[in-house]
Amino acid sequence: MLTPSGPHQKLRSSILDKLKVLKGGLTNSKDSEGHASFQDARSEGIRHSDQRHDTKIPHPSTILHGVEVTPDQQPVEPPQSKPDPPAVTTLLSCTTNQARLTVSPSSSQFFEGDSVTLSCEEDDSSAGWTLRRNTSKQQRTQCGVRWGVPADSSCSISYVFPLDSGVYWCESREGAISNMVNLTVSGGSVILQSPVLPVMEGDDVTLLCQTKTTPSNLPAAFIKDGVFIGKETTGHMTIHHISRSDEGLYKCDISGHGESPSSWITVTVSDEPTSGAPPSASTQLILTLVRYLVVFCPYFISTLLMMSLYQCKATGKVTTPPTES
């Protein structure tokens, strides 16, 4: 094998050196590109990882019924009860078309399975009175909507449950309401039959402690505001000439059967005068007419006299009394 010498050797060495430099550059370039690719891939992975870690996790308080609520959104509130009608409308409705709620049988407590009828005794049937109630599960529900059978201005419940316990009232289309009654349905074996409506001061009020089984007139102990007030052998207690001091929370207890729920008895004082009957409508009308006449007549008579004197003076018929000489 011939070995180049002289200029050829120098040329060969120069070419080999350039090839080495070129090879090293390519190797470094590949390493740089690989390192850059690795760095890019690593950066991309970190960026994706950061994006995953930066994902917003909703706070439990921002979850409403399984739906995320953004900060600028507000949870939808449940529908509120019907707003109160204007004061003037309510006043006119209450004074012209008032209704009174009655309960049959007249009691504030019932056994489960009893039947109850509520009626709106109204002055004007055109007001459109309906029965409504508030219970532990429902608010302002109308008779015929998941409870009761409506008929004109009354509502019948053929079979009452403890969930029917609540406050009942009549309501007109204008928003006027009647008196409210509180009914309690007991799933136990003892109830206290007491007046469901307020009683007048001075009346006699009878309380009946009754069991669901026969005989129902067993000896019973009566409690008012947590204090024992007496025991009756027949289960009846009569409060003679009831007064405001008798107002309170009553219940009864029958040994071996249990205790009744509590019911509030309200005592009202009559504003009517006790002596004499109130004047009738015709008498009040006559008195009002006389009062207007008494006030109007003097002005009318004085006006006529003034007009008469003016006319006489204008025609010259007014005579002056003679003067003494």
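A. Spatial organisation of the packing of aromatic side chains. Scanning all chains against the criterion turns up 2 aromatic pairs. Ring geometry for Trp147 versus Tyr168: centroids 5.6 Å apart, planes at 80°, classification edge-to-face. With Trp147 in the loop between strand E7 (141-142) and strand E8 (149-151) and Tyr168 in strand E10 (residues 166-171), this pair connects stretches of sequence that are 21 residues apart. Residue class for Trp147 comes out buried when judged on its relative accessible area of 5%. Relative to Phe161, the ring of Tyr159 lies with its centre 4.8 Å away and its plane at 45°, an arrangement referred to as tilted. Overall, the relative accessible area of 43% leaves Tyr159 in the partly exposed class.

B. Representation of the sheet that holds strand E11 (residues 181-186) within the structure. Sheet architecture is open: 5 strands sit in the order E4-E11-E10-E6-E7, paired in mixed fashion. Because the sheet does not close on itself, it has two edges, and the strands there are strand E4 (109-111) and E7. Pairing between strand E6 (residues 130-135) and E10: 6 bridges, direction antiparallel. Its bridge partner being in E10, Arg132 is matched across the sheet by Trp169.

C. Region of the structure containing the pattern of salt bridges. Applying the stated criterion across every chain yields a total of 6 salt bridges. A salt bridge links Glu171 to Arg132, with the nearest nitrogen and oxygen atoms 3.8 Å apart. Of the two residues, Glu171 sits in strand E10 while Arg132 sits in strand E6, which places them 39 residues apart along the sequence. Among the salt bridges present, the one from Glu171 reaches Arg140, with a minimum N-O distance of 2.8 Å. Taken together, the residues span a long stretch of sequence, with Glu171 in strand E10 and Arg140 in the loop between E6 and E7 at a distance of 31 residues. One network of salt bridges, in which partners are shared, links Arg132, Arg140 and Glu171.

D. A look at unusual backbone geometry. With an omega of -5°, the peptide bond running from Ser104 to Pro105 counts as cis. Secondary-structure assignment places Pro105 in the loop between strand E3 (99-104) and E4. Positive phi is not limited to glycine here, since Arg146 has a value of about 70°. One non-glycine residue with positive phi stands out, namely His241, at about 50°.

E. Looking closely at the sheet that holds strand E12 (residues 190-193). Taken together, the 3 strands give an open sheet; going across it, the order is E12-E14-E17, and neighbouring strands pair in antiparallel fashion. Looking at strand neighbours, the two that pair on one side only are E12 and strand E17 (236-239), the edges of this open sheet. Mean inter-strand twist for the sheet, computed between neighbouring axes without regard to direction, equals 15°.

F. Main features of a nonpolar patch on the surface. A contiguous nonpolar patch, built from Ile286, Val290, Val294, Val295 and Tyr299 and spanning about 530 Å² of accessible area, is present on the exposed surface. Here Val295 is to be found in helix H3 (residues 281-315).

G. The state of the cysteines, seen in detail. Counted under the stated rule, the structure contains 3 disulfides. Note on cysteine connectivity: Cys120 is disulfide-linked to Cys170, with sulfurs 2.0 Å apart. One quick way to see it: the torsion about the S-S bond of Cys120 and Cys170 is about -105°, and its sign makes the bridge left-handed. With Cys120 in strand E5 (residues 116-122) and Cys170 in strand E10, this pair connects stretches of sequence that are 50 residues apart. Taken as a pair, Cys120 and Cys170 share a single burial class, namely buried. Assigning the bonded cysteines of the chain consecutive numbers by sequence position, one obtains the connectivity 1-4, 2-3, 5-6.

H. Structural detail: the environment of Glu174. Inspection of the secondary structure assignment puts Glu174 in the loop between E10 and E11. Between the alpha carbons of Glu174 and Trp129 there is a distance of 9.4 Å; along the sequence they are 45 residues apart.

I. Quick look at the confidence of the model for the chain. Of all residues in the chain, 62% attain a pLDDT of 70 or more, and the chain-wide mean is 74. When the elements of the chain are averaged for pLDDT, strand E1 (residues 63-64) gives the smallest value, 34, and strand E15 (residues 220-224) the largest, 97. Throughout residues 32-39 the model reports pLDDT below 50, and contacts reaching past four residues in sequence, or to other chains, amount to 0 contacts. Scored below 50 in pLDDT, residues 272-277 shows 1 contact in the model against residues more than four places distant or in partner chains.

J. Structural view of the environment of Ser189. Note on placement: Ser189 falls in the loop between E11 and E12. In this structure Ser189 comes out as partly exposed when scored by relative accessible area, which is 28%. Along the primary structure Ser189 and His257 are separated by 68 residues, whereas in three dimensions their C-alpha atoms are 6.5 Å apart. Ignoring anything within four residues of it in the chain, the contact list for Ser189 reads Phe111, Gln210, Thr211, Lys212 and His257. A polar contact of 2.8 Å, which involves the side chain of Ser189, links it to the backbone oxygen of His257.

Thresholds, definitions, all that
- Residues numbered from 1 in each chain as written.
- Predicted model: local features only at pLDDT ≥ 70, side-chain atom pairs only at ≥ 80, totals over all residues.
- Heavy atoms only, no water.
- Phe/Tyr/Trp six-rings, centres within 6.5 Å; stacked < 30°, edge-to-face > 60°.
- Helix = DSSP H or I, 4+ residues; strand = E, 2+ residues; numbered from the N terminus.
- Buried < 20%, exposed > 50% of the residue type's maximum accessible area, 1.4 Å probe, protein only.
- Pairing = 2+ DSSP bridges.
- Salt bridge = Lys/Arg side-chain N within 4 Å of Asp/Glu carboxyl O.
- Axes fitted to C-alpha atoms, helices over the stretch in contact; angles between N-to-C directions.
- Patch = residues over 30% accessible without salt bridge, like charges linked within 9 Å, V, L, I, M, F, W, Y side chains within 5 Å.
- Areas by Shrake-Rupley, 256 points an atom, 1.4 Å probe, with all protein chains shown as cover.
- Disulfide = S-S within 2.5 Å.
- pLDDT = per-residue confidence, 0-100.
- Contact = heavy atoms within 4.5 Å.
- Polar contact = N/O pair within 3.5 Å; in protein donor to acceptor, adjacent residues only side chain to side chain.

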